[in-house]
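Descriptive structure summary
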Amino acid sequence: MPPPDPAAVEILGVPLALTDYEHTLKWMDAAVAERRRTYVCVAAVHTVMLFQEDPELREAVLASTFTVPDGQPLVWAMNALGASLSRRVYGPDLMAKACARAATTGTRMFLYGTKSEAALAALTRTLEERYPGLRIVGGHPPVFRPLSPAEQAEVAAKINASGADVVWVGLGVPRQEKWMHAMRSQLDAPVLVGVGAAFDFHAGTVRQAPAWLQRMGMEWAFRLAMEPRRLWRRYAKYNPLFVAGFARQYLGHLRSRSRRTGSA
């Protein structure tokens, strides 16, 4: 029997799945076997905060099959509300584990993302060398604007002709979520997964934070140091807003729990 869609805990309105890598990978295998059309979002703090102000992103996230907690602060927040997750489901690691698994199962992968054909070729080569037997059946570097209906149809035809089972989408938030929501009905591939910067990390064009910084929930600081001009506004705005917003949610949670305890 295939694993069920995971339950979720809401953090500032975003339903975050109570799942881990193994359950997520088994779920993906089952969706491929059943040819069930799905898509999975991968959320960090940035996603949760953009969700508050971007109606199209909110619609895309809420329409997904489920959203995994990619950011360590989100795992801490979920556990504060009663969950018992031991770790996050980090997009780049989910992609790596899925590729290792697909090298033995034969699951066919398509890569939609990166900045150029050369970057896409480098990513494909890296993944195929790292995971012998991996079947990457196609790729497409996107244009950095919304697609026209004709362009959507052209992209869908290319992906469908590849016979892909899983489409990895590396456009960054919120473009990848909106793309999956818009394209889901046009694609035959059962599983779409938006993994943000995973393409750049795996291709080696962007450095990843050390594991110890990731465990501390400080990956954002490393990325800020690597790309200060691009990222400083994001972190200066959204990190404090997340802390304030979750503090309000947590206080409401404590008051609700106190009322339930008092009435018991």
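You'll find the structure just up there.
This one's a predicted model, so the numbers in the text were calculated from it and none came from an experiment.

1. Points about the pattern of salt bridges
Taken as a whole and judged by the stated rule, the model has ten salt bridges. Of the charged contacts in the structure, one is a salt bridge between Arg101 and Glu22, with a shortest N-O distance of 3.6 Å. One end of the pair, Arg101, is in helix 5 (residues 91-105); the other, Glu22, is in helix 1 (residues 21-34), with 79 residues separating them in the sequence. Asp165 is paired through a salt bridge with Arg108; the nearest N and O atoms lie 2.9 Å apart. Here the residue Asp165 occupies a position in the loop between helix 7 (149-162) and strand 7 (166-170), and Arg108 occupies one in strand 5 (residues 108-113), the gap between them amounting to 57 residues. According to the relative accessible area criterion, Asp165 is buried, its value standing at 4%. In this structure, a network of salt bridges that share partners links the residues Asp5, Glu34 and Arg36.

2. Here's the deal with the packing of helix 3 (residues 55-63) against helix 8 (residues 175-183)
One way to put it is that helix 3 packs onto helix 8 with a least axis distance of 9 Å and a crossing angle of 60°. Helix 8 is crossed by helix 3, and the crossing has left-handed handedness. Between helix 3, through Glu56, Leu57, Glu59, Ala60, Val61 and Ala63, and helix 8, the contact on the second element is made entirely by Glu177, Lys178 and His181.

3. Brief notes about a positive patch on the surface
A surface patch of positive charge is lined by Arg255, Arg257, Arg259 and Arg260. Here Arg260 shows up in helix 12 (residues 228-263). We classify Arg260 as partly exposed; its relative accessible area is 48%.

4. Regarding unusual backbone geometry
Cis geometry is adopted by the peptide bond preceding Pro174, which originates at Val173 and carries an omega value of 5°. Among the secondary structure elements, Pro174 is positioned in the loop between strand 7 and helix 8. The phi torsion at Arg35 lies on the positive side, around 55°, for a residue other than glycine. Its place among the elements puts Arg35 in the loop between helix 1 and strand 3 (38-43).

5. With respect to the environment of Ala247
Here Ala247 is to be found in helix 12. Between the C-alpha atom of Ala247 and that of Ala77, which follows or precedes it by 170 residues, the distance is 9.5 Å.

6. Focus on the packing of aromatic side chains
Taken as a whole and assessed by the stated rule, the structure comprises four aromatic pairs. Ring geometry for Trp27 against Phe66: centres 4.7 Å apart, planes inclined by 80°, an arrangement best described as edge-to-face. Here the residue Trp27 occupies a position in helix 1, and Phe66 occupies one in strand 4 (residues 66-69), the gap between them amounting to 39 residues. Residues Tyr112 and Trp179 carry aromatic rings whose centres are separated by 4.3 Å and whose planes lie at 20° to one another, so their mutual orientation is stacked. Here the residue Tyr112 occupies a position in strand 5, and Trp179 occupies one in helix 8, the gap between them amounting to 67 residues.

Here is what the cut-offs are and how they apply
- Residue positions are counted from 1 within each chain, in the order its sequence is given.
- Restriction of local features to residues with pLDDT of at least 70 applies here, the model being predicted, together with a cutoff of 80 or more for giving and counting side-chain atom pairs; totals for whole chains, interfaces and linings are based on all residues.
- Only heavy atoms go into the side-chain values, all of them from the structure, while hydrogens and water stay out.
- When a carboxyl oxygen of Asp or Glu lies within 4 Å of a side-chain nitrogen of Lys or Arg, that pair is called a salt bridge.
- Strands are runs of DSSP state E lasting at least two residues, helices are runs of H or I lasting at least four, and both sets are numbered from the N terminus onward.
- Burial classification: accessible surface area is computed with a 1.4 Å probe over protein chains only, and a residue below 20% of its type maximum counts as buried, one above 50% as exposed, and the rest as partly exposed.
- The convention used is that axes are lines fitted to C-alpha atoms, helices contributing only their stretch in contact, and that angles between N-to-C directions extend from 0 to 180 degrees.
- Definitions for this section: a left-handed crossing has its near helix turned counterclockwise from the far helix by less than a right angle. A right-handed crossing has that turn clockwise.
- Residues count as neighbours in contact if any of their non-hydrogen atoms are within 4.5 Å of one another.
- Within the patch definition used here, like charges are joined within 9 Å and nonpolar side chains (Val, Leu, Ile, Met, Phe, Trp, Tyr) within 5 Å, considering only residues with over 30% relative accessible area and no salt bridge.
- Shrake-Rupley sampling with a 1.4 Å probe provides the accessible areas, and residues are treated as covered by the protein chains on show and by no other component.
- Asp and Glu count as negative and Lys and Arg as positive, but His and the ends of the chain are not part of the count.
- For this purpose, a charge sits on NZ of Lys, CZ of Arg, CG of Asp or CD of Glu.
- Stacked, tilted and edge-to-face are the three classes applied to pairs of Phe, Tyr and Trp rings, where Trp contributes its six-membered ring and a pair requires centres within 6.5 Å; stacked means planes under 30 degrees apart, edge-to-face means over 60, and tilted covers the rest.

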